[in-house]
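Letter by letter, the chains look like this.
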Amino acid sequence: MKTNQFGSQAGESYNAGRKCNGTVLVGIIDEGVMNTHPDTQANVWVNPFEIPNNGIDDDGNGYIDDVNGWDFKNNDKTTFDGTTDDHGTHVSGTIGAVANNGVGIAGICDNVKMISAKFLEGSGTTEAAILAVDYITDLKTRHNLNIVATNNSWGGGGFSQALKDAIDRAGAADILFIAAAGNGNIIGKAINTDKKPNYPSSYTSSNIIAVAALASSGKKAGFSNFGATSVDIAAPGVGIWSTVPTATGAGYASYDGTSMATPHVTGAAALYASLHPGSTAAQIKAAILNSAVPTASMAGKCVTGGRLNVSGF
């Protein structure tokens, strides 16, 4: 697998034989996730407690036929609605695209299973986001699934106690909430979120990991928010090549953003959980932050002053 000096060191980890475990799950709270992309299809979660398309809520969680997750935007079982779900699909590839399959890319954790909790399609509401967070939490507590994290490459709006409470409920269930630090103000100028919070990444919940974006040169992306106390770590977020739906089927695209940096960390959480079964959310978070590589562009700009490094897991 290819490696990059200022990347996440996932290639080095993979080449050293440190592999992911298919019993580890993550939630993708975002747009929907393409469930037929050849690079990720094998890692799209299938609900083992739900009989497909029988019109019955077999697992008793309040959602009928939630086979791959749920669409909280449209309140239906269809978690993928086409090319409008490119952002969520791009995130999924970075987390869990299959390695060495002769197709496209490899995710950070190439055997993780990904649950789609769609609440965005152009826009989304805080109420839908809360439902999505609680859906993932309920799946873990109801079925004892090994869900270790949710990926939250989104932000906007003011402080919501109800959303923070949902994040805290996830924390109580030992689920990390990995969140994008944000892409600056309306003109793309980076914001110090110690002074001007970005939600949800700036909530003080202990299970949050807030992620800034780095360029391949090791420089902080110009658009990426930062904060010595409110942002935890940086990860690759410029020119990230990943899976997308196209008008003719499955494809790939290069996107920039803290949205693209965040799934590197979510994949890292799944990788650590694979290599250290039974780890708590707090232990996984500590391992990710403690293994960060000091990076000049992030000195004083995040808690770790550094970038993601999964090679020591």
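Here is what the cut-offs are and how they apply
Residues numbered from 1 in each chain as written. Predicted model: local features only at pLDDT ≥ 70, side-chain atom pairs only at ≥ 80, totals over all residues. Heavy atoms only, no water. Helix = DSSP H or I, 4+ residues; strand = E, 2+ residues; numbered from the N terminus. Rg over C-alpha atoms; globule rule 2.2 N^0.38 Å. Areas by Shrake-Rupley, 256 points an atom, 1.4 Å probe, with all protein chains shown as cover. Lys, Arg positive; Asp, Glu negative; His and termini not counted. Charge placed at Lys NZ, Arg CZ, Asp CG, Glu CD. Phe/Tyr/Trp six-rings, centres within 6.5 Å; stacked < 30°, edge-to-face > 60°. Buried < 20%, exposed > 50% of the residue type's maximum accessible area, 1.4 Å probe, protein only. Disulfide = S-S within 2.5 Å. Pairing = 2+ DSSP bridges. Polar contact = N/O pair within 3.5 Å; in protein donor to acceptor, adjacent residues only side chain to side chain.

*Asks:* Tell me what's going on with the overall build of the chain, and back it up with residues and numbers.
*Replies:* The helix and strand inventory of the chain stands at 6 helices and 11 strands. Computed over the C-alpha atoms, the radius of gyration of the chain is 18 Å, within 12% of the 20 Å expected from 2.2 N^0.38 for a compact globule of 313 residues. Per element, the accessible surface of the chain, about 11,800 Å² overall, is 52% carbon and sulfur. For the chain, the centre of its 19 positive side-chain charges and the centre of its 26 negative side-chain charges are spaced 13 Å apart.

*Asks:* How would you explain the packing of aromatic side chains if you had to name every residue and give the values?
*Replies:* Scanning all chains against the criterion turns up 11 aromatic pairs. Between the aromatic rings of Tyr63 and Trp70, the centroid separation amounts to 5.0 Å while the plane-to-plane angle is 55°, which identifies the pairing as tilted. With a relative accessible area of 16%, Tyr63 lands in the buried category. Ring centres 5.7 Å apart and planes at 80° place the aromatic pair Phe159 and Tyr199 in the edge-to-face group.

*Asks:* Please give an account of the state of the cysteines that cites residues and values.
*Replies:* Applying the stated rule across the entire model yields 1 disulfide. A sulfur-sulfur distance of 1.9 Å marks the disulfide that ties Cys20 to Cys109. Across the S-S bond of Cys20 and Cys109 the torsion is about -135°, and the bridge reads as left-handed. Residue Cys20 is located in the loop between α1 (10-15) and β1 (25-30), and its partner Cys109 is located in the loop between α2 (86-96) and β3 (113-118); the two are separated by 89 residues in the primary sequence. The class of Cys109 is buried, set by a relative accessible area of 0%.

*Asks:* With reference to specific residues and values, describe the pairing of strand β9 (residues 249-255).
*Replies:* Of the strand pairs in this sheet, strand β8 (residues 240-246) and β9 are connected by 7 bridges, and their pairing is antiparallel. Looking at the pairing, Thr246 lines up with Gly249 of β9.

*Asks:* How would you summarise the side chain of His264 if you had to cite specific residues and measurements?
*Replies:* Take His264: it is sitting in helix α5 (residues 258-275). Its relative accessible area of 8% is what places His264 among the buried residues. Only 2.9 Å separates the side chain of His264 from the backbone oxygen of Met260, close enough to count as a polar contact.

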